[in-house]
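Given next are the chains, with one letter for each unit.
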Amino acid sequence: MPVAASAVYFLNLRGDVLINRLYRDDVGGNMVDAFRTHIMQTKELGTCPVRQIGGCSFFYMRISNVYIVIVVSSNANVACAFKFVVEAVALFKSYFGGAFDEDAIRNNFVLIYELLDEIMDFGYPQNLSPEILKLYITQEGVRSPFSSKPTDKPVPNATLQVTGAVGWRREGLVYKKNEVFLDIVESVNLLMSSKGNVLRCDVTGKVLMKCFLSGMPDLKLGLNDKIGLEKESQLKSRPAKSGKTIELDDVTFHQCVNLTRFNSEKTVSFVPPDGEFELMKYRITEGVNLPFRVLPTIKELGRTRMEVNVKTNVQVKSVFGAKMFALGVVIKIPVPKQTAKTSFQVSSGRAKYNAAIDCIVWKIRKFPGQTEPTMSAEVELISTMTEKKSWTRPPIQMEFQVPMFTASGLRVRFLKVWEKSGYNTVEWVRYITKAGSYEIRC
Amino acid sequence: MALSGMRGLSVFISDIRNCQNKEQERLRVDKELGNIRTRFKNEKGLTPYEKKKYVWKMLYIYMLGYDVDFGHMEAVSLISAPKYPEKQVGYIVTSSLLNENHDFLRLAINTVRNDIIGRNETFQCLALTMVGNIGGREFAESLAPDVQKLLISSSCRPLVRKKAALCLLRLFRKNPDVVNVDGWSDRMAQLLDERDLGVLTSSMSLLVALVSNNHEAYWSCLPKCVKTLERLARNQDIPQEYTYYGIPSPWLQVSVCVCTCVFFLLFVKTMRALQYFPTIEDPNTRRSLFEVLQRILMGTDVVKNVNKNNASHAVLFEALALHALLVVYCGSSNPLSDFVETNHRHKTKNIIKAHLDAQKKRILKERTAFKLMSFSASSPFKLLVMHLDAENEMMSQCVALLGKFIAVREPNIRYLGLENMTRMLMVTDVHDIIKRHQAQIITSLKDPDISIRRRALDLLYGMCDVSNAKDIVEELLQYLSTADFAMREELSLKAAILAEKFAPDLSWYVDVILQLIDKAGDFVSDDIWFRVVQFVTNNEDLQPYAAAKAREYLDKPAIHETMVKVSAYLLGEYSHLLARRPGCSPKEIFSAIHEKLPTVSTTTIPILLSTYAKILMHTQPPDPELQKHVWAIFSKYESCIDVEIQQRAIEYFALSSKGAALMDILAEMPKFPERQSALIKKAEVAEVDTAEQSAIKLRAQQHMSNALVVTDQRSSNGTPQSVGQLSLVKIPSMSGDVGSSCVEHTTADQELSQPNGTLATVDPQPPSADLLGDLLGPLAIEGLPGAAVLSEPNAVSGLEGVPIPADDAAAIVPVGKDTNSVQPIGNINERFHALCLKDSGVLYEDPNIQFVKASPRTALILASNILQIGIKAEWRAQHGRLVLFLGNKNTFPLFSVQALILPPVHLKIELSLVPETIPPRAQVQCPLEVMNLHPSRDVAVLDFSYKFGTNMANVKLRLPAVLNKFLQPITVSAEEFFPQWRSLSGPPLKLQEVVRGVRPLSLIDMASIFTSFQLTVCQGLDPNPNNLIASTTFYSESIRPMLCLIRIETDPTDRTQLRMTVASGDPTLTFELMEFIKEQLVGIPTAPHPPAPAPPAAPGAQPNTPAAPVTQPTNPAALSDPGALLAGLL
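Right, let's walk through the structure included here. (Residues numbered from 1 in each chain as written. Chains lettered and ligands numbered in written order. Predicted model: local features only at pLDDT ≥ 70, side-chain atom pairs only at ≥ 80, totals over all residues. Heavy atoms only, no water.)

### A word on the overall build of chain B
Just so we agree on the cut-off: The way it works is that DSSP assigns letters per residue, a run of H or I at least four long becomes a helix, a run of E at least two long becomes a strand, and they are numbered from the N terminus. To sort residues, take the accessible area from a 1.4 Å probe on protein chains only and compare it with the maximum for the residue type: under 20% means buried, over 50% means exposed, and anything in between is partly exposed. Should any heavy atoms of two residues lie within 4.5 Å, those residues are considered in contact. Surface exposure here means Shrake-Rupley accessible area, sampled with a 1.4 Å probe, where a residue is shielded only by the protein chains that are shown.
Helix and strand content of chain B: 44 helices and 16 strands. Counting across all 1130 residues of chain B, residues that qualify as buried make up 56%. Residue pairs in contact within chain B that sit at least 24 positions apart in sequence constitute 70% of those at least 6 positions apart. Split by element, the accessible area of chain B, about 47300 Å² in all, is 55% carbon and sulfur.

Okay, here's the thing in structure tokens:
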């Protein structure tokens, strides 16, 4: 097992230590000072998540207003360390009720120490699953052993839980209504040239599930991906259905998925943990349906005056038709630093100049498909003392969410639930596409 | 501050203060900047209130460290606002956001001027402050007269005049020419009659600056100064608000004293050469001055109050200094004897200068009151010790006083006490007195304040001599184990130097160094142990002892790597001398050393390998077992990744199998040539406070070490020795990087020798970005450090030495007086030729050598700095404008500077006035107008002389105003060329000649040479690819612009000869141009382009008599083209 951390520090943005835990003796307690002086107080913060100072490696990550710093002096597994941080944060969030920030840490001081003791031992990551930890590390009061009333709940058997065949699911769960929620969340990363050529494009997607199922159900998920369909057509010895098949790259599954069955039958079958979990992750690089196309034209007039004309053409692919809406669309059009005066005309939504990020921010709350709203803006610059080098023209950035649309075209073909008792289940499936880093050069 | 009305500003500031982190702050600032930009851009314009508010915000943002690159216009426009709050912000922002070279300032000048000459005194104050803060050239030129007027006007309030004086001082410091001397000196004297002490203090500061620039003109102010002092000290005639703890205006008193001192020093210095001593003519003035000083000296006593003490001591020290000067120069005692030693003078000045600099640094750290003290405390002792050698009583009083100081609790005073004592070490007499305080000084080594510890260390280092060396070195060794890490290196270095210098016997020295390495191995630089090795090698009696000692240390369980190195080396060389002793058989020694092998780094392993080889060699008869063992080690390292180790292993292995031959190759190290310890050099480099330490160094030179075993006496007569030799010559164990650093060092140095070997100059520091270099811009100048740096006599190692310029008739090497002559750096000839082609560059550079007589045996060379002459030229037709940049890189001025132009008949040269003195570290520009009357090749000569110290230096330099500067390239087409060429037929208008002995050049190179001489090479006019046609226009006053045509025919088989034809409308021009080109082609010392050597094949294949017809390729077809036509014409 790889070493992931010699020490973990939680710092606020000023660099004060909120909580720390030393797992090994090989780093000094004052190493965090080095982090503060060499990383936080320099411009290097945020440029590289891994830095080496004085024989120690610092892995750091910022989550809301907290820096989580992992210090190691040995040759540690970086990916493992970061994964640990991400999982730990998810764990804390589930304990604190969704928020993870400085205040949450201050308020849950004791709990965090308790958790930190549990999730890592001598630098080796341990069980980070909230479901299991919550059984033992509770936020409720502890019942006195001398209390007369015998417990009505069965005492959970931790050893069996952790070492058993289905470590992620407890036996004896009973729900009145058996429900499964399945969300496919995709984020589109795009870099497009000003002429409209796609320079880089990919989709990273997650299949998130929430299960409220009794007993030990066995689930089977069918997607319209290429491998699964081919396999199926082989088995059933009939030609694959015409229609789009999706090629998924880099698929990773939750530990509950039965990989041997996936390898042999190419179906995703699993016994789900109780509650929320991430079933699988994937990436798609080809055949991406771009939800938006942006066509900017920017002209610089003269030395001090610059006119920015941005024409935005949005085309929603016909797969979904004009009935769908994108929500929370934000388009950030960069302007030079010396911008003094702005004026815009927008056909829908509203635009505003934000001096702090040097952008015109154009927001459209509800963006129907197959429409082409435009914005034209004119920007006046102030004259400056120094002859500045010409404006670098950073890319236009976009944020959006399109519900019931997948940029990859991935669909759920079936989701079967099978349990001994043969109860009926209700399955809910949702799709959503978000913007990752959606950038258009101008 | 008028913030109360500006809510927006206070909200903004509180927003910023509430920001949790830098990022939030940046966002807020960016937002605000966007807001300000929008407001400033607003067409409707801003109300004055808004403008003021936003400009304040801008200033606040600027002060937070963000870039504010707009809105300067608004700020400047606020200056002209009628109301105070707006004007104020306008002035403040302008003076902080803009610098003196900013274009926007021009807009403000007029408004500022109006404010200055206006009647509103608050506005006057604002304007004066701003002018003083920015103080650019333009301000100085346009505003200085007004400021001067303000200063002397009687209608102004003292407040304004005070500011005017300080503003003028500031302007004067930046541009000394703004105050014209004529008439102003009287005004200045009048100013000193001022009753208001504030104005008087300010004017006194101004006077000090003026006097140090030009003392003679202000001589008349001296009696006034004395009167002022009298008024303050004796009559106590001052208003209540100017007394500080009962002392009447100590600041003014101090500055009066300083001023008077400056007067004396400068005056005395210039007059001394003439054996003339100044006296204050008026005996009354003199008497009253003495009286006042006596009063101050007597009346000062130590009281409890710190502030009062500081103030009174400041005055006291200053008075002491002045008193000392007066006694020496004006008193009746025999001053002549003092002046015999001219060297002293320079020393004084340098030291005072350096002190003032050093004080500035220190002052920043101290409180204001203390400032006074530390400022004044510096110079008096110097002056005292310099000039009151005879007054022993006075000296001991001083030392006693200092002794009291170093015992007090107040750390600042202790610091100063130690520092001053260090300075007093220059005087030999006080040594014994200082030694009385040795115990106290040693206690200071344990002071909690590191700066005091350092001073104490310096002092101990300086006061050490044969009598107390043992104590001090032991003390230092003891202290080493507890000392600060920051100090350990310096400490160990100093201990090593002292041990070497004052060792009563050599074995003690070896003991000390070995102890040193043992205790502070990490901080002992390689130089220290190299020095031990050198010593032991040179002293045969020491060898067994050192080897035995090394053996002892090897037995210790954990020893430092340096110790391993030194022990291994010593035992390798001399272990055979111990052979009889117990535990010292070769085998035992080998195993003792070999034990350490696994613990050492790769730099030490080679030394160990050498040691093994040596042990093997010394083991007679050979011990087969040992041999086998060693060979096994060698063969193990034969495949080592480290090249050094690998090579040694292979070589030793091969050598040791040769048997008896090994004896010759690995014989004992021969003696090292005696040289100055590299350690001392290192210590000097390490010392930051150069001027301070020069005195110590001087002394260090005086006390020749009795431990030095001198193999020859070269080091004592000032002949330079190589610093690098230690690493360059031998010690086989030297690791590679030391060697390379040595080489670097020698390359960095500009070394130069005179044939008689009496002189060498060095530049021991990397080129500094100095004033001269900055001003000359593109010119590459190696800066020399301050004059106070005493550089070591350095070697003529001949490695990278710049070749000595050959005695060349044209470039006259200045004739020096034997020892004190001046040698230019670099080849004058080369520089001249380079400048013939370029328009700017360095014409001349010399090191200015000065000898400081330290003792009869050691003459130290003060390799001070260069006088440098740079040139920048512009040429237009027959006119030329040259600017000579005379740069003085010294820290003291050059006097009697004279420049004389000896123009040839054809040039009319007007040189503007060259200032008599070039101030220290300054550069003077002398414009030079040149007009060309008629063509000639003659060259103008600049006769330049100056004085440094007592020596005159004289240089004669050729000015690069040569023929080609008056040429302008012109391109002619074939249609223009041929009629012209034909019309100029035969001599004297057209001349032809065969030139022999030309440097072989390819045609392309020749063309580029021509281009650099402003001759256009016309391509394609001549069909023969071996020929070259060039054209140019010549401008002169006597004849109209003249077209000149040149044709060169080369012989591809013999590049050393060519035929040249030159034609122009003027016979002299033709002749001169021809000769000029010939000169260039025949004898350019350094070609601007490296000659592409074309191997000359079969010379003389072509008949080259002038009469012979040109051999042209006989191509009948070519007859139709113009080139062939041309060939026919010729």
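Once you've had a look at it, read on.
### Description of the sheet that holds strand E10 (residues 218-223) of chain A
Residue and element names in this part refer to chain A. Put simply, the test is: Here a strand pair is declared whenever DSSP counts at least two bridges between the two strands. Note on definitions: angles span 0 to 180 degrees between N-to-C directions of axes, and those axes are lines fitted to C-alpha atoms, for helices only across the stretch in contact.
Read across the sheet, three strands follow the order E12-E10-E22 without closing on themselves; strand pairing throughout is antiparallel. If you trace the sheet from one side to the other, it starts and ends with strand E12 (268-270) and strand E22 (412-418), each paired once. Adjacent strand axes in the sheet meet at a mean angle of 15°, parallel and antiparallel pairs treated alike. One ladder, built from six bridges, connects E10 with E22; its direction is antiparallel.

### Remarks on the pairing of strand E19 (residues 359-368) of chain A
All names here are of chain A. Here nine bridges tie strand E16 (residues 325-334) to E19, and the two strands are oriented antiparallel to one another. Looking at E19, one finds that Ile-333 is bridged to Ile-360. Two elements, strand E18 (residues 350-354) and E19, share five bridges in a ladder whose sense is antiparallel. In the strand pairing of E19, Arg-350 is matched with Lys-363.

### A look at the interface of chain A and chain B
Filter applied, for reference: For this document, the term salt bridge refers to a Lys or Arg side-chain nitrogen within 4 Å of an Asp or Glu carboxyl oxygen. Here a polar contact is recorded for every N or O atom pair within 3.5 Å, except that within protein the pair must consist of a potential hydrogen donor and a potential acceptor, and residues adjacent in sequence are included only if both atoms are side-chain atoms.
Listed per partner, the contact involves 20 residues of chain A and 19 residues of chain B. Remark: the boundary between chain A and chain B carries two salt bridges. Close ionic contact of Lys-337 of chain A with Asp-30 of chain B constitutes a salt bridge, the shortest N to O distance being 3.5 Å. The tally of links between chain A and chain B comes to four residue pairs in polar contact (both at pLDDT 80 or more). Mapped onto the side of chain A that touches chain B, the elements with two or more residues apiece are strand E17 (339-346) and strand E20 (375-381) of chain A.

### Concerning the nonpolar core
Residues and elements named next belong to chain B. Keep this limit in mind: We call a set of buried Ala, Val, Leu, Ile, Met, Phe, Trp, Tyr and Cys residues a nonpolar core when their side-chain atoms join them within 4.5 Å.
Membership of the largest hydrophobic core comes to 99 residues, with the highest contact counts inside it found for Ile-441, Leu-476, Leu-516, Ile-593, Leu-609, Tyr-612 and Tyr-637. If near-sequence neighbours (up to four positions away) are discounted, Tyr-637 is found in contact with Leu-597, Ile-605, Leu-609, Ile-645, Gln-646 and Ala-649. Listed in part, the 68 residues of the second largest apolar core include Val-924, Val-930, Leu-942 and Leu-1028.

### Section: helix H9 (residues 158-174) of chain B
Side chains that are three or four residues apart share a direction in an α-helix, a result of its 3.6 residues per turn. Definition in use: Working rule for helices: expected span equals 1.5 Å times residues minus one.
An ideal rise of 1.5 Å per residue puts 24 Å on 17 residues; H9 of chain B measures up with 24 Å between its terminal C-alpha atoms. Of the positions making up H9 of chain B, those classed as buried are Val-160, Arg-161, Ala-164, Ala-165, Cys-167, Leu-168, Leu-169, Leu-171 and Phe-172 of chain B.

### Description of the sheet that holds strand E1 (residues 7-12) of chain A
Residues and elements named next belong to chain A. Strand order across the open sheet formed by five strands is E2-E1-E5-E4-E3, with antiparallel pairing between neighbours. Only two strands of the sheet have a single neighbouring strand rather than two, namely strand E2 (17-22) and strand E3 (50-53). Along the sheet, successive strands turn relative to each other by an average axial angle of 20°, direction set aside. Across six bridges, the pairing between E1 and strand E5 (residues 66-72) is antiparallel. Directly across from Val-8, in E5, lies its bridge partner Ile-70. Its contacts with the sheet put helix H2 (residues 78-96) on E1, E3, strand E4 (56-63) and E5, and the angle it makes with E4 is roughly 35°. Contacts from helix H4 (residues 109-119) reach E1 and E2, with the element oriented near 25° to E2.

### Some points on the packing of helix H4 (residues 72-79) of chain B against helix H6 (residues 104-117) of chain B
Residues and elements named next belong to chain B. Here is the rule we go by: Angle categories are assigned with fixed cut-offs, so that under 35 degrees is roughly parallel, over 145 is roughly antiparallel, 65 to 115 is roughly perpendicular, and the rest are oblique. Note: crossing handedness is left-handed where the near helix turns anticlockwise from the far helix by less than a right angle, and right-handed where it turns clockwise. Each residue gets one label: Ala, Val, Leu, Ile, Met, Phe, Trp, Tyr, Cys and Pro are nonpolar, Asp, Glu, Lys and Arg are charged, and the others, such as Gly, are polar.
Running from amino to carboxyl end, H4 crosses H6 at an angle of 15°, the nearest separation of the two axes being 9 Å. Comparing their axes, H6 and H4 come out roughly parallel. The handedness of the crossing between H4 and H6 is left-handed. For the pair H4 and H6, contact is made by His-72, Met-73, Val-76 and Ile-79 and by Phe-104, Leu-107, Ala-108, Thr-111 and Asp-115, respectively. Residues that form the contact of H4 with H6 fall into these classes: six nonpolar, two polar and one charged.

### Focus: helix H28 (residues 542-554) of chain B
All names here are of chain B. Spanning 13 residues, H28 covers 18 Å between terminal C-alpha atoms, matching the ideal 18 Å at 1.5 Å per step. Of all 13 residues that make up H28, 10 are buried, and the element is covered over most of its length. Looking at H28, one finds that the buried residues are Leu-542, Gln-543, Ala-546, Ala-547, Ala-548, Lys-549, Ala-550, Arg-551, Tyr-553 and Leu-554. Buried-residue contacts for H28 involve helix H26 (506-519), helix H27 (526-538), helix H29 (561-574) and helix H30 (586-596).

### Considerations on the pattern of salt bridges
All told, the structure shown has 35 salt bridges over all chains when counted by the stated rule. Residue Asp-16 of chain A is joined to Arg-14 of chain A by a salt bridge in which the shortest nitrogen-to-oxygen separation is 3.2 Å. You can call Asp-16 of chain A partly exposed: its relative accessible area is 32%. Between Glu-993 of chain B and Lys-1078 of chain B there is a salt bridge whose closest N-O contact spans 2.7 Å. Of the two residues, Glu-993 of chain B sits in strand E12 (residues 990-995) while Lys-1078 of chain B sits in helix H43 (residues 1067-1082), which places them 85 residues apart along the sequence. On the basis of relative accessibility, which here comes to 26%, the residue Glu-993 of chain B falls in the partly exposed class.

### Overview of unusual backbone geometry
Residues and elements named next belong to chain A. With phi around 50°, Phe-122 is a residue other than glycine that occupies positive phi space. If you trace the backbone, Phe-122 turns up in the loop between strand E6 (120-121) and strand E7 (124-125). A positive phi angle, close to 55°, is found at Gln-370, a residue other than glycine. Locating Gln-370 in the fold gives a position in the loop between E19 and E20.

### Regarding the pairing of strand E14 (residues 1027-1034) of chain B
All names here are of chain B. Burial analysis of E14 places eight of its eight residues in the buried class, which makes it a mostly covered element. Taken together, the three bridges between strand E11 (residues 967-969) and E14 define a ladder with antiparallel strand orientation. Pairing of Pro-969 across the sheet is with Thr-1032, part of E14. Note that strand E13 (residues 1016-1018) and E14 share three bridges and pair antiparallel. Paired with Cys-1018 across the two strands is Ile-1029, which belongs to E14.

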